[in-house]
Amino acid sequence: MEIGSKIKELRVIKGLTQEELADRTELSKGFISQLERDLTSPSIATLADILQCLGVSVADFFAEDSDEQIVFQTEDYFEKTDDSLRNKVEWIIPNAQKNLMEPIRLTLEPGGETYPDTPHEGEEFGFVLKGEITIHLGKKKYKAKKGESFYYTPDKGHYISSEKGAQIIWISSPPSF
């Protein structure tokens, strides 16, 4: 384990300079610099002092990172079909509504559409995988077809429709589904 880079990362997160960390730990700036570049190793007592100043316990510092899922497969997706709107929404990142962005795959059957959405803060981005869609923003309409992307701020009433059916990747921030 390269403890120096981990200490540097914690120091930067705390918004401290090497000199500030050195002052708080009563060590030299040169020692902190060498430590962060893994050119020297601290004693256990010195490491404990540094970590205390950084607000991290020794146990947490050496704890292995959790096995956070980064790659998701089809069987991980959550899906909802809306027969009245003739669409299917697949959350391609499970529990994404807790994140800043919420990517979904949206399939619109011919004549299908999304729920009309009221204006809200944020951003929405999409990429058309198949077919053609119409993006309704307020009173304006915009067409996008396979291979094209779209982006807008949802500060007007908005929804997406498709006359012949389509499949898109749609990402909204903050999550709105």
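Preceding block: the structure.
As a starting point, this report considers the structure included with it. (Residues numbered from 1 in each chain as written. Predicted model: local features only at pLDDT ≥ 70, side-chain atom pairs only at ≥ 80, totals over all residues. Heavy atoms only, no water.)

Within the secondary structure, arginine 11 is located in helix H1 (residues 3-13). Using a relative accessible area of 8% as the deciding quantity, one classes arginine 11 as buried. Here arginine 11 is in contact with Leu16, Thr17, Gln18, Leu21, Glu36 and Leu54, once residues within four sequence places are set aside. (Helix = DSSP H or I, 4+ residues; strand = E, 2+ residues; numbered from the N terminus. Buried < 20%, exposed > 50% of the residue type's maximum accessible area, 1.4 Å probe, protein only. Contact = heavy atoms within 4.5 Å.)

A few words on the nonpolar core. Leu106, Ile133, Ile135, Phe150, Ile160, Ile168 and Trp170 are the most contacted members of the largest nonpolar core, which totals 16 residues. Elements that contribute at least two residues to this core include exactly strand S2 (87-91), strand S3 (102-108), strand S4 (123-137), strand S6 (149-152) and strand S8 (166-173). Counting residues per element, this core draws most heavily on S4, which supplies four residues. Excluding residues that lie within four positions of it along the chain, isoleucine 168 makes contacts with Ile104, Arg105, Leu106, Phe127, Val128, Leu129, Ile133, Phe150 and Ile160. By size, the runner-up hydrophobic cluster in this structure holds 14 residues, among which are Ile3, Ala22, Leu54 and Val56. (Core = buried A, V, L, I, M, F, W, Y, C linked by side-chain atoms within 4.5 Å.)

For threonine 134, the position within the fold is in strand S4. With a relative accessible area of 8%, threonine 134 lands in the buried category. Among the polar contacts listed, one links the side chain of threonine 134 to the side chain of lysine 143, at a separation of 3.1 Å. Setting aside its immediate chain neighbours within four residues, threonine 134 contacts Lys141, Tyr142, Lys143, Tyr159, Ile160 and Ser161. (Polar contact = N/O pair within 3.5 Å; in protein donor to acceptor, adjacent residues only side chain to side chain.)

Bringing unusual backbone geometry into the picture now. You will see that glutamate 26, though not glycine, has its phi angle at about 60°, which is positive. Secondary-structure assignment places glutamate 26 in the loop between helix H2 (18-25) and helix H3 (29-36). Non-glycine residue aspartate 38 carries a positive phi angle of around 55°. Checked against the element boundaries, aspartate 38 lands in the loop between H3 and helix H4 (44-53).

Evaluated as defined, the whole model comprises three aromatic pairs. Considering the side-chain rings of phenylalanine 150 and tyrosine 152, the 6.2 Å spacing of their centres and the 15° angle between planes classify their relative orientation as stacked. Using a relative accessible area of 7% as the deciding quantity, one classes phenylalanine 150 as buried. Over the ring of phenylalanine 61 we find lysine 6, and its NZ or CZ is 4.9 Å from the ring centre. (Phe/Tyr/Trp six-rings, centres within 6.5 Å; stacked < 30°, edge-to-face > 60°. Lys NZ or Arg CZ within 6 Å of the ring centre and 35° of its normal.)

We now examine a nonpolar patch on the surface. The grouping of Phe125, Phe127 and Tyr151 at the surface amounts to a nonpolar patch, some 280 Å² of accessible area in total. On the basis of relative accessible area, phenylalanine 125 is assigned to the partly exposed category, the value being 32%. (Patch = residues over 30% accessible without salt bridge, like charges linked within 9 Å, V, L, I, M, F, W, Y side chains within 5 Å. Areas by Shrake-Rupley, 256 points an atom, 1.4 Å probe, with all protein chains shown as cover. Salt bridge = Lys/Arg side-chain N within 4 Å of Asp/Glu carboxyl O.)

Every buried residue of H3 is accounted for by Ile32, Ser33, Leu35 and Glu36. Viewed end-on, H3 has its buried residues packed into an arc of 165°, placing them on one side of the element. Aspartate 38 lies just past H3 and shows a positive phi near 55°. (Arc of directions from axis to C-beta.)

Let us look at the environment of histidine 158. Within the secondary structure, histidine 158 is located in strand S7 (residues 158-161). The sequence separation of histidine 158 and tyrosine 115 amounts to 43 residues, and the corresponding C-alpha distance is 8.6 Å. Within the structure, the side chain of histidine 158 is placed 3.4 Å from the side chain of histidine 120, a separation counted as a polar contact. A distance of 3.3 Å separates polar atoms of two side chains, one belonging to histidine 158 and the other to glutamate 124.

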